[in-house]
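In case you want the letters, here they are:
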Amino acid sequence: METSTPKIGKFSLTYGLILGGLGVVFALMLFLSDAHVSQSPVNSIISIVMSVGVIFWGILNFRKANEGLLSVGQAVKLGAGIALVSGIISVIWTLLLTNVLDPDFITKNIDMTIAAAAEQGNLTSEQLQQQKEMSLQYWEAFAYPSILIFSIIIGLVIGLIGGLIFKKAAPDY
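Let me sum up the structure you'll find in this document.

What counts, and at which threshold
Residues numbered from 1 in each chain as written. Predicted model: local features only at pLDDT ≥ 70, side-chain atom pairs only at ≥ 80, totals over all residues. Heavy atoms only, no water. Salt bridge = Lys/Arg side-chain N within 4 Å of Asp/Glu carboxyl O. Helix = DSSP H or I, 4+ residues; strand = E, 2+ residues; numbered from the N terminus. Buried < 20%, exposed > 50% of the residue type's maximum accessible area, 1.4 Å probe, protein only. Core = buried A, V, L, I, M, F, W, Y, C linked by side-chain atoms within 4.5 Å. Contact = heavy atoms within 4.5 Å. 1 Å grid on protein atoms, 1.4 Å probe; cavity = no way out; pocket = protein on both sides within 12 Å on 5 of 7 lines; lining within 4 Å. Points joined across faces, edges and corners; volume = space filled by probe spheres on them. Nonpolar A, V, L, I, M, F, W, Y, C, P; charged D, E, K, R; others polar. Phe/Tyr/Trp six-rings, centres within 6.5 Å; stacked < 30°, edge-to-face > 60°.

**Brief notes about the pattern of salt bridges**
Part 1 of the argument: Inspection of every chain in the model, using the stated rule, returns 2 salt bridges.
Part 2 of the argument: Its salt-bridge partner being Asp102, residue Lys108 comes within 3.0 Å of it at the nearest N-O pair.
Part 3 of the argument: Lys132 is the salt-bridge partner of Asp111, the closest N and O atoms lying 2.9 Å from each other. Pair noted here: Asp111 is in helix H4 (residues 105–120) and Lys132 is in helix H5 (residues 125–166), with a separation of 21 residues, a long-range link.
Part 4 of the argument: Residue classification places Lys132 among the partly exposed positions, given a relative accessible area of 22%.

The structure is reproduced here in structure tokens:
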């Protein structure tokens with residue numbers, strides 16, 4: 001009797017949409033409370049906890065659909081796939097935020113970073129201005145690909161950890 005393995009792509013899409021949707025809801029909540037430019041570590045922690053929860057949930061449901069079997073490779077693929085779909089949704093949200101909802105978002109963010117650097121007093125005003133210009137150039141060139149790459153790397157790590165925790169091989173007999 002031959003059984004079919006569930007499709008990793010289907011699970012990646014489903015749970016990636018869930019994670020992306022949760023991320024947009026969280027980002028929208030921050031935007032509406034005018035905390036979207038905040039660089040609070042709490043926001044990052046909440047995002048990571050959501051990612052871990054949804055990716056683990058997707059891995060466990062894949063294992064359940066696969067007759068209780070899961071390899072580390074399957075879990076890593078699931079983690080990366082879920083994170084990729086979620087990352088694409090994050091890029092779309094960021095495009096909407098920076099072009100429609102808050103066109104000054106990038107400048108506000110960079111100004112907060114420059115103000116924090118100015119408080120330390122290690123840089124001259126000319127160096128701070130150069131830093132601001134370089135940050136704007138970086139954002140224009142690399143921000144969106146960086147979001148995707150970072151999402152995938154986080155997904156790979158979470159998938160690997162989930163795979164190591166939840167792996168179950170078929171019996172040899």
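What follows picks up the thread again.
**Regarding the nonpolar core**
Part 1 of the argument: Counting residues in each nonpolar core, the largest one holds 17 residues, and the members touching the most others are Ile59 and Leu70.
Part 2 of the argument: Of all the secondary-structure elements, those providing two or more residues to this core are helix H1 (8–32), helix H2 (41–65), helix H3 (72–101) and H5.
Part 3 of the argument: Counting residues per element, this core draws most heavily on H2, at 6 residues.
Part 4 of the argument: Among all residues touching Leu70, those that are not within four sequence positions of it are Ile59, Phe62, Arg63, Ala75, Phe166, Lys167, Lys168 and Ala169.
Part 5 of the argument: The next biggest cluster of nonpolar side chains, apart from the first, holds 15 residues, and it includes Phe31, Ala117, Ala143 and Tyr144.

**Observations regarding the layout of surface pockets**
Part 1 of the argument: Roughly 1400 Å³ of volume is contained in the largest pocket.
Part 2 of the argument: Counting residues per element, the ones that place at least two in the lining of the largest pocket are H1, H2, H3, H4 and H5.
Part 3 of the argument: Among the elements that line the lining of the largest pocket, the one with the most residues is H5, at 8 residues.
Part 4 of the argument: Grouping the amino acids of the lining of the largest pocket by side-chain chemistry returns 22 nonpolar, 17 polar and no charged.

**So, the packing of aromatic side chains**
One pair of aromatic rings is described through two measures. These are the centre distance and the angle between the planes.
Part 1 of the argument: What the rule picks out here adds up to 7 aromatic pairs.
Part 2 of the argument: Relative to Phe166, the ring of Phe56 has its centre 5.3 Å away and its plane inclined at 90°; by these criteria the two rings are edge-to-face. With Phe56 in helix H2 and Phe166 in helix H5, this pair connects stretches of sequence that are 110 residues apart. Residues Phe56 and Phe166 agree in their burial class; the two are buried.
Part 3 of the argument: Judged by centre distance (6.0 Å) and plane angle (65°), the rings of Trp139 and Tyr144 are edge-to-face.
Part 4 of the argument: Among the aromatic residues, those joined into a cluster by ring pairs are Phe11, Tyr15, Trp57 and Phe62.

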